[in-house]
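What follows is the residue order along each chain.
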Amino acid sequence: MSPKLKKFADPLPIMETLKPKGKNKKGPYYEVTMEAFKQKLHRDLKPTRLWGFERSYPGPTIEVMQGEPIQVKWMNNLPDKHFLPVDRSIHGVAGAPEVRTVTHLHGSETQSESDGYPEAWFTKGYEQTGPFFKRKVYEYPNRQRGATLWYHDHAMGITRLNNYAGLAGMYIIRDRHEKSLNLPKAEYEMPLVIQDRTFNEDGSLFYPRQPDDPSANLPDPSIQPFFNGDTLLVNGKVWPYLEVEPRKYRFRLLNASNTRSYELYLDSGQPFYQIGTDGGLLRKPVKVEKLALEPAERADLIIDFSKYDGDTILLKNDLGPDADPNDETDDVMQFKVRLPLSKKDTSHIPSELSEIRSLKGNEVKAIRNLKLVGSTDEFGRPVLLLNNKRWDAPVTEKPYLGSTEIWSLMNITGFAHPIHIHLIQFQILDRRPFDLDTYNTNGKIEFTGPAVPPKANEKGWKDTVAAPSGQITRLIVRFAPFAGYYVWHCHILEHEDYDMMRPYTVEDPKRNDKQE
Ligand code: C2O
Ligand code: CU
Ligand code: CU
């Protein structure tokens, strides 16, 4: 358990925007180094050893304009030994170097060689590389619409540890249309990266080495099927506060936690105005009283403080009626409405935000029924799987370039999984509940209700979707603009690492890696 830390003692930090190293004919060129360093995460906590990008946790924010490609050289300058417990029994990585990294830009439409395939890892100075390693400099086309993306480590079998150590940052694509909308901007717009951690007394990060009561012959260290920290951080500070003016602000929320999902609300009773999802602006703003955010999901929000001058407002996390009263994760951060209004707030929340063409009119080439299942390994540990297949089974999902498919995610486990597909942004069709007990007894699907359309704030472009237990969640997906090898997986990092991740390929009948 973490030491007791005073809440709202530190101001909210804002990550720096990364500057390019230079420019070449392909556009701006960046270099980003992964390093070990120490950073103060709370006033009363000794500096914490972290691994991060550019000695910053979270990493620096990368900002680009739509249509302007950039290149990033991701460099690993980390120690050879991990400071978190590495389980070598999972994912066929027993022979791999202990510390390996590969960066994925989550939500981006990028060629497979630059996508951060889990087996495209590399070690310090690229001394050793994984079987899929192709290039040091990644290229991001940034052709998709303005959106809140994020970059994070994706190395095979240790993604949960590398992310927990601090290897994640924001990546924002802006576009002209969005700029024309007069949304709150500059100092009135900022990312909020929400994460949970547990600390030891000396300020170091705690991550469990084994389950609490390990059976005799478990590997040591041994992966756990989930991990929730007992302390919440925003932008790398424990329970921070932000001083605001009585006006509108735009916050780009990201849940960058390993396992934890959130149910966010404001204790003032005021709503959020959600303007965007994973893949950019919604059609219309949606008034949201309580915002659910699964790992890797983003929500672009406007909060209007104009009627709350002088007030203190808490961003809360609803833990539900059965919550342990000692659980401190019901608080996220605090807003203090006590800065004077520096100028009249002329920003506004437009009634129409953007156009989103529904994919429902597309010809559907394939419907895939994909099961989210639980199983046990040779040590009696839970293993979560997609369609009962391990990572190393042959590729089964091979959509054609430019084709539209329906992916029907049937969750027969006891909890929700945030399912993420690389390369594309999809649309949610519906969710339909079925009787899980009946299914688990005789394999029959008995629906217990009609298919329910997605919530109003899910009716936009998504790359990660909550697939609840005992429901079939259907997505419609168009696979473009690149062919090549990608992955899809559960974004609970403890699941992704063991073994809820599968390769998939976008097939171009004519040629590989061709652009549409
Ligand atoms: Cu954010 Cu494949 O991951
Ligand atoms: Cu991704
Ligand atoms: Cu999962």
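Conventions and cut-offs
Along each chain, residue indices are assigned from 1 in the same order as the chain's sequence is written. Here chains are named by letter from A upward and ligands by number from 1 upward, in the order in which they appear as written. Only residues with pLDDT of at least 70 get local features here, since the model is predicted, and only at 80 or more are side-chain atom pairs given and counted; chain-wide, interface and lining totals rely on the full set of residues. As a convention, hydrogens and water are excluded, and side-chain values are obtained from all of the structure's heavy atoms. Numbering of helices and strands runs from the N terminus, with a helix taken as a DSSP run of H or I at least four residues long and a strand as a DSSP run of E at least two residues long. When a residue's accessible area, from a 1.4 Å probe over protein chains only, is under 20% of the maximum for its type it is buried; when over 50% it is exposed; and in between it is partly exposed. Pairs of residues are marked as contacts when any of their non-hydrogen atoms sit within 4.5 Å. A 1.4 Å probe and the Shrake-Rupley method give the accessible areas. Residues count as covered only by the protein chains that appear here. Neither His nor the chain termini are counted; the positive set is Lys and Arg, and the negative set is Asp and Glu. Charge placement uses NZ in Lys and CZ in Arg. For Asp and Glu, CG and CD serve respectively. Ring pairs shown here join Phe, Tyr and Trp side chains whose ring centres sit within 6.5 Å, with only the six-membered ring taken for Trp; geometry is labelled stacked below 30 degrees between planes, edge-to-face above 60, and tilted in between. Geometrically, a lysine NZ or arginine CZ counts as sitting over a ring once it is within 6 Å of the ring centre and also within 35 degrees of the ring normal. Atoms are scored as donors when they are N, O or S and lie within 2.8 Å of the metal, with 3.2 Å used for Na, K and Ca; no water is included, so coordination may look incomplete.

A. Spotlight on the overall build of the protein chain. Of the regular secondary structure elements, the protein chain holds four helices and 31 strands. Taken over the C-alpha atoms alone, the protein chain extends approximately 60 × 55 × 55 Å along its principal axes. The buried share of the protein chain, taken over its 516 residues, is 62%. If you take every contact in the protein chain between residues at least 6 apart in sequence, the share linking residues at least 24 apart comes to 78%. When the accessible surface of the protein chain is split by element, carbon and sulfur atoms take 48% of a total near 20,600 Å². Between the averaged position of the 69 positive side-chain charges in the protein chain and that of its 71 negative side-chain charges there is a distance of 5 Å.

B. Main features of the packing of aromatic side chains. The full count for this structure, using the stated rule, is 29 aromatic pairs. Among the aromatic side chains, those forming a connected cluster through ring pairs are Tyr188, Tyr249, Phe251, Phe305 and Phe335. Its guanidinium or amino end placed over the ring of Tyr188, Arg247 lies 3.5 Å from that ring's centre, counting from NZ or CZ.

C. How the structure looks around the coordination of the copper ion (ligand 2). Surrounding the copper ion (ligand 2) are the protein donor atoms His104 (NE2) and His420 (NE2), which sit 1.9 Å from the metal. Remark: His420 occurs in strand β26 (residues 417–421) and His104 occurs in strand β6 (residues 103–106); sequence separation between them is 316 residues. The pair His104 / His420 is uniform in exposure class, with both members buried.

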